[in-house]
Amino acid sequence: MRARLIAIFLIRRALALLVLLLMISFLVFGLLYLAPGNAIQVLLGTHPASRSVIAALTAKYHLGDSFFEQYLFWLKGAIHLDLGVSIQTGQTVTTLIGGRIGVTIFLGIYAFLISVLLGVPGGVIAAMRNRTVADRAIVGISLLGVSVPAFVSGVFLLYLLAIDAGWFPIYGPGTGFVDELWHLTLPAFALAIGVMALILKLTRAAMVTVLEQDYIAFAQSRGVSPARVIIRHGLRNALGPIVTAGGLILGVVLTGAVLVEQVFALPGIGSLLITAVGTKDVPVVQGFTLLAAAILIGANFLIDLCYLFIDPRMTTGRAAI
Amino acid sequence: MTAITAPDTGFVGLASKRGRRRPSLLIAVSTLIMLLVVASAIFGSLLAPQAANAQNLLYGVHPSSAQHLLGTDDFGRDIFSRLIVGARAAVIGPALIAIGALVIGNALGLIAGYVGGRVDYFIMRLADLVWALPGLLIAIVVVGVIGGGYYVAVVVLIVLTFPVDARIVRGATLQQRNMPYVEAAATLGLSPLRLMIRHIWPNLLPLVMANTFLNFAFSLVSLSGLSFLGLGVPLNTPDWGGMLAQNLPLLQSNALACLAPAIALVLTATSMNLIGDWTYERLSDRGRAR
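Please read these numbers as outputs of a predicted model, since none were measured by experiment. (Residues numbered from 1 in each chain as written. Chains lettered and ligands numbered in written order. Predicted model: local features only at pLDDT ≥ 70, side-chain atom pairs only at ≥ 80, totals over all residues.)

## With respect to the overall build of chain B
Okay, step 1: Per the secondary structure count, chain B includes 10 helices and zero strands.
Okay, step 2: Sequence-ordered secondary structure for chain B, helices as α and strands as β, is α-α-α-α-α-α-α-α-α-α.
Okay, step 3: The buried share of chain B, taken over its 290 residues, is 47%. (Helix = DSSP H or I, 4+ residues; strand = E, 2+ residues; numbered from the N terminus. Buried ≥ 20, exposed ≤ 12 C-beta atoms within 10 Å, placed from the backbone.)

Printed below as a string of structure tokens:
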């Protein structure tokens, strides 16, 4: 019975997310038409317009067809990972993104680990010491973290630790795992400050509510060890709201990565997006946007899966996206 | 900060009184910073010692000196003057976003909370959808493709902010709806519109104000990020995010050219967040959970 409920829940969620991805793909395709100038001009970019090139482009992108037919044609390509050709470099968008996504994934995971390792314990401690000096200090740090955009913290770290103290490399991604770890440490911390602040805030809020519950007082009075009360009884119940915000957190990581890659001159997909935007390379922007949407939606599905394990009560009834 | 802290009695009245006294110094400093920033935004070029865009290519980059408090950038422009004039871009956009989201979000939130029904359902789903979207990233893509810079970004950010505001106002309206004074007013035959605006809304004001301050801080951080990427204000207009990006290569020759706008940004955003959090905490002891 329970297995069936879970299966129905997951299938419903997966379908809802697929529909959402389809809607987003429609908007992403629309980008080509939102851009100033007609689609031919956008696709031509800086290339000289000759009659034969225009004819070739019209045929290739089915520009003579209706908008909807063009969309279906584009979607068919996108499903087969064919996102078109970059106007500026002439390479396929898939190749461009594939060559650069490694740095961004490395940076993102590195920053995420730092944020979780600092943010969750910080939030728990702040909640345990609710309204004391320690709490105020931790909350103050997180408030500062929310107020400092990733590129600003990046500049501060760059100046203090790379230029002034000379402990870290100034730019570039490095080669080999250890060197890469070394090069990406400052960018990862720059990115992690804002993310950590968000996780800390969410953890604290959830833990404060949970620690007020009767079952916590009951567990304490039964003589359960404090560590066990906090982790097994407290944190496990507080995890729900934190995990639910996973999509939000991922969004902050993605946005931060774009800014941080710019500060530290890292060749990730964030700097690819900014270059593409600067040169009006619409296919690349489309590719990035579709990828970002797919990542966010995939993450949301994983979050639903996690939720099932954290809180078995949530088999049904959770609101759509 | 007082040296002696009273033990937490758990008594609500006492706790909220304590919260009201606590932050005075920090909030005073934050308010002062915000007043300075707003004054610079209004009187910018009058307060600045030099013209913000006056170039002196022969002079070029210099660290801080008597004529140039924060030094100059590689065009020989005075950083201090640019910092002051740049306050305008740091205030106008975030203020427009905060006020725009306030007006739309409150109107929809009141209707959703008081009238309910389909409007309510629609607004809640919209808020659910928008909540986890990376607003700045969407602004980068939209502004990057259709152009329009700063003000297009302002519109995009309003669109991505108001549904969340609406949800907050809706929740607060639902709490008010069953209060005796609302029933009494309804019995008197007041129109729903008048009831919502004149009777319910004033009771939500502290929450609305706090949320507007937080929105301001968040929008400032987003918009300056956009300018940092070169997608915000036009190139010649002084803007803190833009200055940061342009002067990044000067970190070794005149670090202040890059650090001063960074510090200005952090101070402004932190002040606004502090004021917002303080307003929010004053009205409830719900902590800093938003």
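## Considering the overall build of chain A
Okay, step 1: Helices and strands together make up the secondary structure of chain A, namely 14 helices and zero strands.
Okay, step 2: Ordered by position from the N terminus, the helices and strands of chain A form the series α-α-α-α-α-α-α-α-α-α-α-α-α-α.
Okay, step 3: The dimensions of chain A, computed from C-alpha atoms along their principal axes, are 85 × 60 × 35 Å.
Okay, step 4: Taking the contacts inside chain A whose residues are at least 6 apart along the sequence as the reference set, 73% of them involve residues at least 24 apart. (Contact = placed C-beta atoms within 7 Å.)

## Some words on the interface of chain A and chain B
Okay, step 1: Across the contact, 41 residues belong to chain A and 42 residues belong to chain B.
Okay, step 2: Of all elements in the fold, only helix H1 (2-34), helix H6 (133-147), helix H7 (150-164), helix H9 (185-211), helix H12 (246-263), helix H13 (269-278) and helix H14 (282-310) of chain A reach the threshold of two or more residues within the side of chain A that touches chain B.
Okay, step 3: The biggest single contributor to the side of chain A that touches chain B is H12(A), with eight residues.

## Regarding the nonpolar core
Okay, step 1: In this structure, Leu191(A), Val195(A), Val253(A), Leu273(A), Val285(A), Ala139(B) and Ile140(B) are the most contacted members of the largest nonpolar core, which totals 166 residues.
Okay, step 2: Top element by residues in this core is H9(A). It accounts for 19 residues.
Okay, step 3: Excluding residues within four positions of it along the chain, Leu191(A) makes contact with Leu107(A), Ala111(A), Ala150(A), Val253(A), Gly256(A), Ala257(A) and Val260(A). (Core = buried A, V, L, I, M, F, W, Y, C linked by C-beta atoms within 7 Å.)

## Here's the deal with helix H3 (residues 79-114) of chain B
Okay, step 1: In a regular helix each residue adds 1.5 Å, so 36 residues correspond to 52 Å; H3(B) covers 51 Å between its end C-alpha atoms and thus fits that length.
Okay, step 2: Counting buried residues in H3(B) gives 29 out of 36 residues, a clear majority hidden from the surface. (Expected span 1.5 Å × (residues − 1).)

## Regarding the packing of helix H5 (residues 93-128) of chain A against H9(A)
Axis angle and axis distance: for two packed helices, these are the angle between their axes and the distance between the axes, and together they describe the pair.
Residue and element names in this part refer to chain A.
Okay, step 1: Interaxial distance between H5 and H9 falls to 6 Å at its minimum, and their mutual angle equals 35 degrees. Crossing geometry of H5 relative to H9 is assigned as right-handed.
Okay, step 2: Split by residue class, the contact of H5 with H9 holds 23 nonpolar, five polar and one charged. (Axes fitted to C-alpha atoms, helices over the stretch in contact; angles between N-to-C directions. Left-handed = near helix turned anticlockwise from the far one by under 90°. Nonpolar A, V, L, I, M, F, W, Y, C, P; charged D, E, K, R; others polar.)

## Observations concerning the packing of H5(A) against H14(A)
Residues and elements named next belong to chain A.
Okay, step 1: Their axes nearest at 10 Å, the elements H5 and H14 cross at an angle of 55 degrees. When the axis of H5 is compared with that of H14, the two are oblique. The two elements H5 and H14 meet at a crossing, and its hand is right-handed. From H5, Val93, Leu96 and Ile97 reach across to H14, where they touch Pro283, Val284, Gly287, Phe288 and Leu291. (Parallel < 35°, antiparallel > 145°, perpendicular 65-115°, else oblique.)

## Quick look at helix H10 (residues 214-221) of chain A
Okay, step 1: Little of H10(A) sits out of view: just zero of its eight residues are buried.
Okay, step 2: Gly223(A) sits one or two residues past H10(A) and shows a positive phi near 90 degrees.

## So, the confidence of the model for chain B
Residue and element names in this part refer to chain B.
Okay, step 1: Here chain B averages 81 in pLDDT, while 89% of its residues score no lower than 70.
Okay, step 2: Element-level pLDDT for chain B is lowest in helix H1 (residues 12-21), with a mean of 44, against a maximum mean of 90 in H3.
Okay, step 3: Taken together, the stretch residues 1-20 has pLDDT below 50 and engages in 10 contacts with residues farther than four places along the chain or on a different chain.
Okay, step 4: Long-range and interchain partners of residues 285-290, a stretch whose pLDDT sits below 50, account for 11 contacts in this model, where long-range means more than four residues apart.
Okay, step 5: In the predicted assembly, ipTM is 0.82 and pTM is 0.83. (pLDDT = per-residue confidence, 0-100.)

## Regarding the confidence of the model for chain A
When pLDDT is low, close inspection of the predicted coordinates is not appropriate.
Okay, step 1: Looking at chain A as a whole, its pLDDT mean stands at 83, while 96% of the residues score no less than 70.
Okay, step 2: A low-confidence stretch, residues 317-321 of chain A (pLDDT under 50), is modelled with eight contacts involving residues beyond four sequence positions or located in other chains.

## Remarks on unusual backbone geometry
All names here are of chain A.
Okay, step 1: Its identity is not glycine, yet Leu81 carries a phi of approximately 60 degrees, on the positive side.
Okay, step 2: Structurally, Leu81 can be placed in the loop between helix H4 (67-79) and H5.
Okay, step 3: Phi is positive for Ala265, close to 50 degrees, though the residue is something other than glycine.
Okay, step 4: With respect to the element layout, Ala265 can be found in the loop between H12 and H13.

## Focus on the environment of Gly122(A)
Residues and elements named next belong to chain A.
Okay, step 1: Inspection of the secondary structure assignment puts Gly122 in helix H5.
Okay, step 2: Counting along the chain gives 81 residues from Gly122 to Thr203, while the straight-line C-alpha distance between them is 8.3 Å.
Okay, step 3: In this view, Gly122 contacts Ile138 and Leu200; residues no more than four positions away in its chain are not counted.

## Section: the environment of Leu290(A)
Residues and elements named next belong to chain A.
Okay, step 1: Among the secondary structure elements, Leu290 is positioned in helix H14.
Okay, step 2: Taking the C-alpha atoms as reference points, Leu290 and Val28, separated by 262 residues in sequence, lie 6.7 Å from one another.
Okay, step 3: Setting aside its immediate chain neighbours within four residues, Leu290 contacts Ser25, Val28 and Ala78.

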